[in-house]
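Structural overview
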Amino acid sequence: MWRTKLCQPVRTIFTKTPSPPPRHHYHRYQRPPITLSVSLAKTATCIRTSDSHSYSSSILNERTFHFDFSSSLVAHCITSASSAEPQVVVDWNDAVSCSEVGDGANGSLEDEEEDPRTNIPVKAYFFSTSVDLRSLVDQNRQNFIPPTSRMTNYVVLKFGTLSNPSGTGASISGSDCCFMVVFQYGSIVLFNVSEPEVDGYLKIVERHASGLLPEMRKDEYEVIEKQTLSTWMQGGLDHIMLQFLNIDGIRIIGSVLGQSIALDYYVRQVDGMVAEFTDINRGMEKTGTFTMESKKLFQLVGKANSNLADVILKLGLFERSDIAWKDAKYAQIWEYLRDEFELTQRFASLDFKLKFVEHNIRFLQEILQNRKSDFLEWLIIILISAEILISLYDLFQRTASTLH
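Description of the structure in this document.

What counts and how
Residues numbered from 1 in each chain as written. Predicted model: local features only at pLDDT ≥ 70, side-chain atom pairs only at ≥ 80, totals over all residues. Heavy atoms only, no water. Pairing = 2+ DSSP bridges. Helix = DSSP H or I, 4+ residues; strand = E, 2+ residues; numbered from the N terminus. Salt bridge = Lys/Arg side-chain N within 4 Å of Asp/Glu carboxyl O. Patch = residues over 30% accessible without salt bridge, like charges linked within 9 Å, V, L, I, M, F, W, Y side chains within 5 Å. Areas by Shrake-Rupley, 256 points an atom, 1.4 Å probe, with all protein chains shown as cover. Lys, Arg positive; Asp, Glu negative; His and termini not counted. Charge placed at Lys NZ, Arg CZ, Asp CG, Glu CD. Buried < 20%, exposed > 50% of the residue type's maximum accessible area, 1.4 Å probe, protein only. Contact = heavy atoms within 4.5 Å. Axes fitted to C-alpha atoms, helices over the stretch in contact; angles between N-to-C directions. Parallel < 35°, antiparallel > 145°, perpendicular 65-115°, else oblique. Left-handed = near helix turned anticlockwise from the far one by under 90°. Nonpolar A, V, L, I, M, F, W, Y, C, P; charged D, E, K, R; others polar.

1. Overview of the sheet that holds strand S15 (residues 209-225)
An order of S9-S10-S13-S14-S8-S15-S17-S16 is seen for the eight strands of this open sheet, with the pairing classed as mixed. Two strands bound the open sheet, and with one partner strand each, they are strand S9 (144-145) and strand S16 (233-236).

Given below as structure tokens:
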């Protein structure tokens, strides 16, 4: 009678002793056992063939193993006996790829899909020293987003429609919506605006700006939205990665970038003054004097004082955002970006340069004051001498008249 039976998946393990006993000798036809662990996910078919004769143990007379780790592993076990004896044939002829030979629980590796993410360009500009926010809001009332904090030195304008709102706020991921953050001291930060569209948004603010600069300052940054991010935020080179970007995130990022681009302008202004005083000092080193007028010096004094006042008062460089006070997540962004753009260090450098300018101004003021004092002293000497001469002349006239 013929009987066919399907067996369960088989795990075959061949083990090799690391160091065989020294006195043990293998048969010349036997090979040392090989250690191999193979997980076979295929089903082996076991066929038992019998006849009227009694069943006896079969004799294994041929084994063939073929290893090819670059492609597959094929195992064939063929058992044969005499025609009078029953036969057992076990055939594993399915190829097993190397990816199925591993240390995983299922013996296979799965490809990890890359998490989707959205890149949002951020551009910061500084082209004026003052912007009338009230008139800007009046003419763009439909785009104005009401503030959520007490900060009144900036406004946020939204253009377009959001397509991916979330529970914690509307996200601009996957939409053509863009935002513009305008600051009273002249900075503009654009979110999700392409380069050809920048001029159109800048002209909206230009009509309400005063003190336009001859050269506009520009800086670029990038925000990456990745919803599967394990942490709330992650910094990188010229970018910050967030789980999502909403209005509060735009306010925090815009405030730091606006301060950074404006601080860069004031640093360059102070650098110009430092270079001018450096030239004066070098001239004094060669000639022993200087020819600066007091009017020019007073202009430098006013410029240095106004720059320091603008950095401290207008920029609000040391004022913490109300959003950062309320939510620790946005405080983390605020602190990271301030460190990333080195606002504290740059202000310290600006303050040091201003002290250098102040020292030179005080020194030159003393020189000009001494010059003025010397002039007055010589003027008094001349007047006294003239009075003495006039008195002598009058005395001689009286003496001559009495002699006659």
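Moving on, there is more to tell.
2. Digging into the pattern of salt bridges
This model, assessed by the stated rule, comprises 14 salt bridges. Arginine 251 serves as the salt-bridge partner of aspartate 248, at 3.7 Å between the closest nitrogen and oxygen. Note that aspartate 248 and arginine 251 are positioned in helix H3 (residues 247-287) at a spacing of three residues, about one turn of the helix. The salt bridge partner of arginine 398 is aspartate 394, with a shortest N-O separation of 3.3 Å. Here aspartate 394 and arginine 398 lie together in helix H7 (residues 343-403), a separation of four residues that amounts to about one turn. If you follow the salt bridges from partner to partner, you end up with Glu215, Arg217, Asp264 and Arg268 in one network.

3. What to know about a negative patch on the surface
Taken together, the side chains of Asp238, Asp339, Glu340 and Glu342 make up a negatively charged region of the molecular surface. In this structure, glutamate 342 sits in the loop between helix H6 (328-340) and H7. In this structure glutamate 342 comes out as partly exposed when scored by relative accessible area, which is 42%.

4. A word on the environment of phenylalanine 126
Its place among the elements puts phenylalanine 126 in strand S8 (residues 118-131). With a relative accessible area of 0%, phenylalanine 126 lands in the buried category. Along the chain, phenylalanine 126 and serine 260 lie 134 residues apart, while their C-alpha atoms are 9.8 Å from each other. For phenylalanine 126, the residues in contact, after removing those within four places along its chain, are Tyr185, Gly186, Ser187, Leu213, Glu215, Met216, Arg217, Ile261, Ala262 and Tyr265.

5. Thoughts on the pairing of S16
Relative to strand S17 (residues 239-242), S16 is paired through four bridges, and the arrangement is antiparallel. Bridge pairing links methionine 233 to leucine 242 in S17. Linking two consecutive strands that pair antiparallel, namely S16 and S17, is a turn of two residues; a positive phi of about 60° is found at aspartate 238 within it.

6. Points about the packing of H3 against H6
How two helices sit against one another is set out by the angle between their axes and by the gap between those axes. H6 packs onto H3 with a crossing angle of 20° between their chain directions and a minimal axis gap of 10 Å. It follows from the interaxial angle that H3 and H6 lie roughly parallel. Every pair of crossing elements has a handedness; the one defined by H3 and H6 is right-handed. Within the contact between the two elements, H3 uses Asp248, Gly249, Ile252, Ile253, Val256 and Gln259 and H6 uses Tyr330, Ile333, Trp334, Leu337 and Arg338. Residues belonging to the contact of H3 with H6 are distributed by class as follows: seven nonpolar, two polar and two charged.

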